[in-house]
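# Structure at a glance
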Amino acid sequence: MYTAETTDTADTAAATADTADAAGATALGQPLLSPADLGAFRLPNRVVMAPVTRARAAGDGLVPTAMHAAYYGQRASAGLIIAEGTWVGEQAIGFVNVPGIYTEEQVAAWRRVTGVVHALGGRIVLQLWHTGAASHPDHLGGRRPAGPSAINPRTRSFTSGGFKETVTPRAMTAADIAATVADFGAASENARRAGFDGVEIGGLGSFLIAQFLNPRLNHRTDAYGGDRAARRRLLLEIVDAAAVPWGGRGVGVRLGPYWTDGELFRADEETLADYDALVSALNDHPVAYLHLRGRDLAAPGEAPDAGEIARYRRRFDGPLIANNGYDRASANALIASGNADAVSFATHFIANPDLVTRFAMGRELAAGDRATYYTGGADGYVDYPISDWRDGLG
Ligand SMILES: Cc1cc2nc3c(=O)[nH]c(=O)nc-3n(C[C@H](O)[C@H](O)[C@H](O)COP(=O)(O)O)c2cc1C
């Protein structure tokens, strides 16, 4: 619906509304609250909800529930919701109770979620995920996970028996790779049928796409390994496949160049050079936005380093969403500097369903309860209150 062609009249009306909105945001002194066009997505504000796994899907079918509709509906005032990492197929699974988008039951259940968000005026895209070698036989009926090469990523997988160490995977065959690209394409089409406004390719973390990008885990000698251009081929093929259902306009990409995990995921000079080249290469593919996670803060309360994001602003021609450790002040400063178009918030959105209201009204933010992040159930999920509209009225 947000990709609909507009008439001249509609364009003029939208431009007038944008000018008025921008003036309002300026009056609030918060560029974060001004509208923005992110590729196919027209946002009323630049406060994006980052994807957060909450492990609340129901049963063996990994189906989102009415609670998901309530949870995302509560957060519909976000400029854009990026819904939690969601499996593109059974091979992708690597964490308990995370939903999928590969069965008709899942598609129907997601339709209720997108329906509620749209009825409340929101926009929602779905993050597509595959854990690859970071899965565990417990998720795969006892079978070994598959990854770029037979190298243990030496990370941990959250199973029904708690966190478990990963194992040595089997190397994906050419047929496995083709099937995986096809799974992302089919999942993207399913997301469109489920009413999402687009999808985001989840390239962050220690999962499949990041494994292929990583020279320490990708020792392939075929077209998908050997040099940095080959290592990024899987991601680029996935982007192209996922873009098909959206006419080439509805696919965002999430990357974590600074991601560190154990010995094998590290942001050294070679990694950063690989990501520089990858981000430049994305310009030749149908990418609606690039969603970047910056380095972890050295200490809580420190401001994120805008230079980390600026590095990619210089290389990527499209809209850019920044993430990791931002608050109202640092996010407004980043938007004002021109180094990002929007900022995403994960932990703040968990505990503050009305985050945009709180930013607009200058209210305090609530803190989330980490103990209930992945526990299932309504507690710590749909019971965070909105702030009192009487606050600060004098
Ligand atoms: C509970 C939790 C679940 C997360 N799940 C995902 C996910 O599904 N996909 C993803 O790309 N990042 C995920 N992340 C990372 C966040 O999107 C984000 O990068 C991180 O929390 C830093 O942002 P913040 O400082 O605004 O919290 C998760 C983070 C948390 C705390």
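Residues numbered from 1 in each chain as written. Predicted model: local features only at pLDDT ≥ 70, side-chain atom pairs only at ≥ 80, totals over all residues.

Looking at an unreviewed UniProt entry, the protein chain carries the name Alkene reductase, with the source organism given as Streptomyces botrytidirepellens. What UniProt states about the protein chain under its Sequence similarities (unreviewed entry) heading is, verbatim, "Belongs to the NADH:flavin oxidoreductase/NADH oxidase family." According to its UniProt record, the protein chain has this under Cofactor (unreviewed entry): "FMN". (UniProt positions renumbered as here; feature names shortened; annotations may be inferred.)

### Quick look at the overall build of the protein chain
Across its full length, the protein chain holds twelve helices and 14 strands. Expressed as lengths along the three principal axes of its C-alpha atoms, the size of the protein chain is roughly 60 × 45 × 45 Å. Counting all 394 residues of the protein chain, 49% fall into the buried class. Contacts in the protein chain between residues far apart in sequence, at least 24 positions, make up 71% of those at least 6 positions apart. (Helix = DSSP H or I, 4+ residues; strand = E, 2+ residues; numbered from the N terminus. Buried ≥ 20, exposed ≤ 12 C-beta atoms within 10 Å, placed from the backbone. Contact = placed C-beta atoms within 7 Å.)

### Let's talk about the site of the ligand
The local shell around the ligand holds 19 residues, among which Ala50, Thr53, Gly85, Ala346 and Thr347 are the closest. Of the residues assigned to the shell around the ligand, the class counts are seven nonpolar, nine polar and three charged. (Near = placed C-beta within 6 Å. Nonpolar A, V, L, I, M, F, W, Y, C, P; charged D, E, K, R; others polar.)

### Section: unusual backbone geometry
Although it is not a glycine, Leu62 adopts a positive phi angle of roughly 50°. On the secondary structure map, Leu62 appears in the loop between strand S3 (47-49) and helix H2 (66-74). With 22 C-beta atoms counted inside 10 Å, the residue Leu62 sits in the buried group. At Asn324, a position not held by glycine, the phi torsion is positive, near 105°.

### Quick look at the sheet that holds strand S4 (residues 80-87)
One closed barrel holds the eight strands; their spatial order is S3-S4-S5-S10-S11-S12-S13-S14, and the pairing between them is parallel. The sheet shows a mean angle of 25° between the axes of neighbouring strands, direction not considered. The pairing of strand S5 (residues 124-129) with strand S10 (residues 198-203) spans four bridges and is classified as parallel. Bridging from a neighbouring strand, Val125 pairs with Gly198 of S10. (Pairing = 2+ DSSP bridges. Axes fitted to C-alpha atoms, helices over the stretch in contact; angles between N-to-C directions.)

### Regarding the packing of helix H4 (residues 174-193) against helix H7 (residues 233-243)
Put simply, H4 and H7 touch, their axes get as near as 8 Å, and they point 35° apart. The two elements H4 and H7 meet at a crossing, and its hand is right-handed. Here Ile177, Val181, Ala182, Phe184, Gly185 and Ser188 of H4 lie close against H7, whose contacting residues are Leu234, Glu237, Ile238, Ala241 and Ala242. In terms of residue class, the contact of H4 with H7 is built from eight nonpolar, two polar and one charged. (Left-handed = near helix turned anticlockwise from the far one by under 90°.)

### Observations regarding H4
Note on helix geometry: an α-helix contains 3.6 residues per turn, so any two residues three or four positions apart are oriented the same way. Across its 20 residues, H4 extends 29 Å between first and last C-alpha, which sits within 8% of the 28 Å expected from 1.5 Å per residue. Of the positions making up H4, those classed as buried are Ile177, Thr180, Val181, Asp183, Phe184, Gly185, Ala187, Ser188, Asn190 and Ala191. Packing partners of the buried residues in H4 comprise helix H3 (104-119), S5, S10 and H7. Just downstream of H4 lies Gly195, where phi reads positive at about 95°. (Expected span 1.5 Å × (residues − 1).)

### Here we look at the UniProt feature "domain: NADH:flavin oxidoreductase/NADH oxidase N-terminal" (unreviewed entry) in the protein chain
When the UniProt feature table is mapped onto this chain, "domain: NADH:flavin oxidoreductase/NADH oxidase N-terminal" (unreviewed entry) is found at residues 32-365. With 33% helix and 18% strand, the stretch residues 32-365 has end C-alpha atoms that lie 16 Å from each other.

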